[in-house]
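This is what each chain is made of:
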Amino acid sequence: DLAHAIDASRAGPGSVVASGASVERVDRGTDQVGQAGQAMQEIVRQVHAVSRMLADISGATVQQTAGIEQVNSAVAQLDQTTQQNAALVEQGAAAAQSLNQQAERLQQVVAVFKLS
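Residues numbered from 1 in each chain as written. Predicted model: local features only at pLDDT ≥ 70, side-chain atom pairs only at ≥ 80, totals over all residues. Heavy atoms only, no water.

Q: Any chance you could explain the overall build of the protein here in plain terms?
A: Within the protein, the secondary structure is distributed over two helices and zero strands. Surface accessibility of the protein: about 10200 Å² in total, with carbon and sulfur atoms responsible for 61%. (Helix = DSSP H or I, 4+ residues; strand = E, 2+ residues; numbered from the N terminus. Areas by Shrake-Rupley, 256 points an atom, 1.4 Å probe, with all protein chains shown as cover.)

What follows is the structure in structure tokens.
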């Protein structure tokens, strides 16, 4: 440091000004580094916020998938019930037709007997 002070005194008053400019540059650089650090902290905070949002979206997607599976299951049950009902209707129609035919034959058989 003594050698530096001797050199500065030999260089004259202009070097002190240059030294002052260097201090200003260092101060500005320090401020910029501080601002950059704050910006990085804000970026990290925002990344964490986005991460939380993505986790929420993922959770909602899982719930939505479960809901869709329940709806699909209910629709499958409705379809099965509808098919069973259609089969029962067909059976009922066939039984009604059979009873109708039997009733017609019975009428023909009874017609032979005349009541006076």
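Q: Help me out: how do you make sense of the pattern of salt bridges in this one?
A: A side chain with one charge can pair with a side chain of the opposite charge if their charged atoms come near. All chains considered together, the criterion is met by one salt bridge. Note that R45 and E42 form a salt bridge whose closest N and O atoms lie 2.6 Å from each other. Within this pair, R45 and its partner E42 are both found in helix α2 (residues 13-112), separated by three residues, close to a single helical turn. (Salt bridge = Lys/Arg side-chain N within 4 Å of Asp/Glu carboxyl O.)

Q: Looking at this structure, how should I read a nonpolar patch on the surface?
A: A surface patch of nonpolar side chains, amounting to about 540 Å² of accessible area, comprises L106, V109, V110, V112 and F113. With respect to the helices and strands, the residue V112 is situated in helix α2. (Patch = residues over 30% accessible without salt bridge, like charges linked within 9 Å, V, L, I, M, F, W, Y side chains within 5 Å.)

By themselves, these observations are geometric and do not establish any function.
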